[in-house]
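One-letter residues, chain by chain:
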Number of protein chains: 2
Amino acid sequence: MKKTHDILVETKAALPALTASKERKNAALEAIAARLLSEQEDILAANREDVEASRSKYGEVMIDRLTLTPERIAGMAQGVREVAELPDPEGRVLRRVERPNGLVIEKTSVPLGVVAIIYESRPNVTSDAAVLALKSGNAVILRGGREAYRSNAAIVRAIHHGLEDAGLPAALVGFIEDTDHASADELMRAVGYIDLLIPRGGAGLIRRCTENAKVPCIQTGTGICHIFVDATADQDRALDIIENAKASRPSVCNAEEVLLVHQDIAEAFLPRLQKRLTSEREAKGLVPVELRLDERAARIITGTPAAEGDFDREYLDYILAVAVVDDADAAIAHIAVHSTGHSDAILTQDEANAAKFTALVDSAAVYVNASTRFTDGGEFGLGCEMGISTQKLHARGPMGLEELNSYKYIIRGNGQIR
Amino acid sequence: MKKTHDILVETKAALPALTASKERKNAALEAIAARLLSEQEDILAANREDVEASRSKYGEVMIDRLTLTPERIAGMAQGVREVAELPDPEGRVLRRVERPNGLVIEKTSVPLGVVAIIYESRPNVTSDAAVLALKSGNAVILRGGREAYRSNAAIVRAIHHGLEDAGLPAALVGFIEDTDHASADELMRAVGYIDLLIPRGGAGLIRRCTENAKVPCIQTGTGICHIFVDATADQDRALDIIENAKASRPSVCNAEEVLLVHQDIAEAFLPRLQKRLTSEREAKGLVPVELRLDERAARIITGTPAAEGDFDREYLDYILAVAVVDDADAAIAHIAVHSTGHSDAILTQDEANAAKFTALVDSAAVYVNASTRFTDGGEFGLGCEMGISTQKLHARGPMGLEELNSYKYIIRGNGQIR
């Protein structure tokens, strides 16, 4: 097994070759897409081994996330090509000033350098992360989870072949072979080798990164997302949006966990909600949603009484905490205390309340009359994403190409002194 | 003495009042400028006490940095008014997309929240930091050094009066009364109260922040700045630029510490440099610059032989390390190893070398044919600055109003589900 430190050294050393050959970036991405398709059989064989080894350990959802098919590999290759077609984020002049003394100052976007990502289960993250990093001019260090090790290794082989096809060093995409905690910890401390570390996985991983990382780190993921149904909301649409946000894919970070309902409509709306999320879903053979009700909601419909902490949990399951609130201000105040700053929505026809909500809710994505499920790089038009930041520094929300760039000031003069 | 924690709580609680009264920001800044002038006598009296108490402890440069005069206070007030006149950084739509499903997604700049700054000696930082934070929509926590305590407290009183004059809570500008290490450490750990911490001071403070901070922190300051004199440089201008970069104000972070000279011109240029920085300065009654020479330079001129580490020191003094290099590539390679990523310059008439240097030197500010001393918020047209970042995440180089903002995505729909 190759040592993590050696991979860090090699990747850092490979970076100047990319800087010097920017014009080959898209050719490399095309070659990577072609290799993913032409090496599909190797990738599928490796993936079958991963799936076999995991079957006894994990549940169905996890196995589904892990499993690759020819269609999914075609989707990965298609994703690579879509990233290739996006505008180049490097070299954008973000601000230009010509000073009275004649200096021309250009704030210009540049790559961060070496971007590292620690991720879990889904093998498609391997190609998404690699191509987003390369397209934005960065080298990348990939450290996937043990359960997908063979799949990730096979995908990285295809990526390496694609890079070589385009005349770029394979070491631009460093693949950490050690899947123990120790290698993740080593990445967190790799000062001088990693310019940005993105942990993309469970709450434990993210906490470990933000508490221990010595390299710059972006906090991603945890989503306690709220939907507030205002007094003026279109209730039919509200039911559609809530069911979608809660139940279309409960395991993801942009799924709704908490519903807040304006007191003026609670008596009319909550019985409809209960029917929609429980009996109607059961009748369709869908998993019903368990409702955890605060005292005011429990006076109107039946459900599980909310326990201590039920409004501060990322369920990632068919469970929805429900509270009745006095008005938009009360909803905003609740969200200020309980939201993780990921995605929160107001459903309303009242423009003033919409404006207040979008101004005062301090989250990465704030929605008016739409499902929180759209917080996603693809849905935002960024191609794919490196992760979803829930912090406010540097990047917020889905991280695409621009967020993988820094900037520098380039100043041109003709002898100016101060 | 007020407890640091209580100040954090009050400042955080005051923030929504600013968010709700954005339109009063400029009026508050005008009122602060007026108060700085009308309370000038109190500020000067407090400053005299600081200066008296410091006279036995510090050298002349430090005393000069600490001392306020009516002119300097007028300059502070003028600086406040200039910030008021800058464009509002809040609410800029940084990117807008209308998706095929009808969602309108606006990436919109928003304040960070509470910005804290730990700084040393110069009292004008108190008003600069406060007004940059307020103008960009943030509350601010100020923690100055002990030697300027009375001056800072008097300036903050004027700022508080100005805020109250404009109908805003004084607590928007929190002033830490405890100037012990303990209060700085408490700020570094104030998760939930501080959205961004900026240490602006010596290398020790900055190291302590980057190693121990649990809140987001920007690495500022340390500048081992290089100037490379290429074979084609205009040598007369090069002498002017080098003398300016080294000796106009050696104690600041954008001063030059290292000179690299192309081998083809070293024999002609170094004797002129020596004369310019030593005997000519002495003849004018100026402090001569000590030259620390690598082996190749020492074969051409006399000076102190460079010792181990002399090319990795921020002298902040009338000392310049000098090396002869083969060419622009060698200069770039030297800078890659020894620069702190602050400001580096090439002096050349060769466009290809200028392009290569600006592309490959990975520093916040990269200059062609100008002094490194321009790396400064005012000189870059940002009004003043909160600090100069030498990291690549979030902000790089002088931090002005835009760098004190984050962004959020505001998404408007009409019932979209995924």
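Rules used throughout
- Residues numbered from 1 in each chain as written.
- Chains lettered and ligands numbered in written order.
- Predicted model: local features only at pLDDT ≥ 70, side-chain atom pairs only at ≥ 80, totals over all residues.
- Domains from an automatic or database assignment.
- Pairing = 2+ DSSP bridges.
- Helix = DSSP H or I, 4+ residues; strand = E, 2+ residues; numbered from the N terminus.
- Axes fitted to C-alpha atoms, helices over the stretch in contact; angles between N-to-C directions.
- Contact = placed C-beta atoms within 7 Å.
- Nonpolar A, V, L, I, M, F, W, Y, C, P; charged D, E, K, R; others polar.
- Buried ≥ 20, exposed ≤ 12 C-beta atoms within 10 Å, placed from the backbone.
- Least-squares fit on C-alpha atoms with pLDDT ≥ 70 in both.
- Expected span 1.5 Å × (residues − 1).
- Arc of directions from axis to C-beta.
- Parallel < 35°, antiparallel > 145°, perpendicular 65-115°, else oblique.

Caption draft 1: Structural detail: the domain arrangement of chain A. Per the domain assignment, the segments of chain A are domain 1 (4-218 + 399-412) and domain 2 (225-374). For domain 1 of chain A versus domain 2 of chain A, the separation of C-alpha centres amounts to 35 Å.

Caption draft 2: Highlighting the sheet that holds strand β3 (residues 114-119) of chain A. All names here are of chain A. Here we have 4 strands laid out as an open sheet, ordered β5-β4-β3-β6, and parallel in their pairing. Looking at strand neighbours, the two that pair on one side only are β5 (173-175) and β6 (196-200), the edges of this open sheet. Averaged over all pairs of adjacent strands, the angle between their axes in this sheet comes to 20°, without regard to strand direction. Bridge analysis of β3 against β6 gives 5 bridges, and the strand direction is parallel. Each bridged residue has a counterpart across the sheet, and for I117 the counterpart in β6 is I198.

Caption draft 3: Here's a closer look at the interface of chain A and chain B. Contact residues are listed per partner, giving 52 residues for chain A and 52 residues for chain B. Of all the elements in the fold, those that place two or more residues in the side of chain A that touches chain B are α10 (235-247), α15 (351-360), β13 (365-370) and β16 (405-416) of chain A. In terms of residue count, the dominant contributor to the side of chain A that touches chain B is β16(A) (11 residues). Partitioning the side of chain A that touches chain B into residue classes produces 23 nonpolar, 17 polar and 12 charged. In terms of strand pairing, β13(A) meets strand β16 (residues 405-416) of chain B through 5 bridges, oriented parallel.

Caption draft 4: Representation of the pairing of β16(A). Here strand β2 (residues 104-111) of chain A runs beside β16(A); their pairing, made up of 8 bridges, is antiparallel. Within β16(A), the position partnered with K107(A) by the bridge is Y409(A).

Caption draft 5: Summary view of the pairing of β3(A). All names here are of chain A. The buried count for β3 comes to 6 of 6 residues, which makes it a mostly enclosed element. Residue alternation in β3 divides its side chains into two sets, V114, A116 and I118 and V115, I117 and Y119, and both sets are buried. The pairing of β3 with strand β4 (residues 139-143) spans 5 bridges and is classified as parallel. Looking at β4, one finds that I117 is bridged to L142.

Caption draft 6: Fine view of the sheet that holds strand β6 (residues 196-200) of chain B. Residue and element names in this part refer to chain B. What the 4 strands build is an open sheet, ordered β5-β4-β3-β6; its pairing is parallel. Of all strands in the sheet, those bounded by a partner on one side alone are β5 (173-175) and β6. Each strand of the sheet is rotated relative to its neighbour by a mean of 20°, with strand direction disregarded. Where helix α6 (residues 124-135) meets the sheet, its contacts fall on β3 (114-119), β4 (139-143), β5 and β6, and the angle it forms with β4 comes to roughly 165°. In the packing of helix α8 (residues 181-188) onto the sheet, contacts are made with β3, β4 and β6, and the angle to β4 comes to roughly 150°.

Caption draft 7: Representation of the relation of the copies chain A and chain B in the model. Structural alignment of chain A on chain B gives an RMSD of 0.1 Å, achieved by rotating through 180° and translating 0.0 Å along the axis. Overall, the copies show the geometry of a two-fold rotation axis. Taking C-alpha positions as reference, the residue of chain A nearest the rotation axis is H394(A), located at 1.9 Å. A share of 100% of interface residues in chain A that are also interface residues in chain B marks the association as one of identical surfaces.

Caption draft 8: Here's a closer look at helix α5 (residues 70-85) of chain B. All names here are of chain B. Between the first and last C-alpha of α5 there are 23 Å, a value that for 16 residues agrees with the 22 Å anticipated at 1.5 Å per step. Listed as buried for α5 are I73, M76, A77, G79, V80 and V83. Down the axis of α5, the buried side of the element spans an arc of 150°, and every buried residue falls inside it. Along α5, exposed side chains directed more than 90 degrees from the buried face belong to P70, E71 and E85. For α5, the elements touching its buried residues are α2 (25-38), α3 (40-55) and α6.

Caption draft 9: Inspection of the packing of helix α2 (residues 25-38) of chain A against helix α5 (residues 70-85) of chain A at higher detail. Residues and elements named next belong to chain A. At a minimum axis distance of 9 Å, the contact between α2 and α5 shows a crossing angle of 175°. When the axes of α2 and α5 are compared, the pair comes out roughly antiparallel. For the pair α2 and α5, contact is made by N26, L29, E30, I32, A33, L36 and L37 and by I73, A74, M76, A77, V80, R81, V83 and A84, respectively. Residue classes in the contact of α2 with α5 are distributed as 12 nonpolar, 1 polar and 2 charged.

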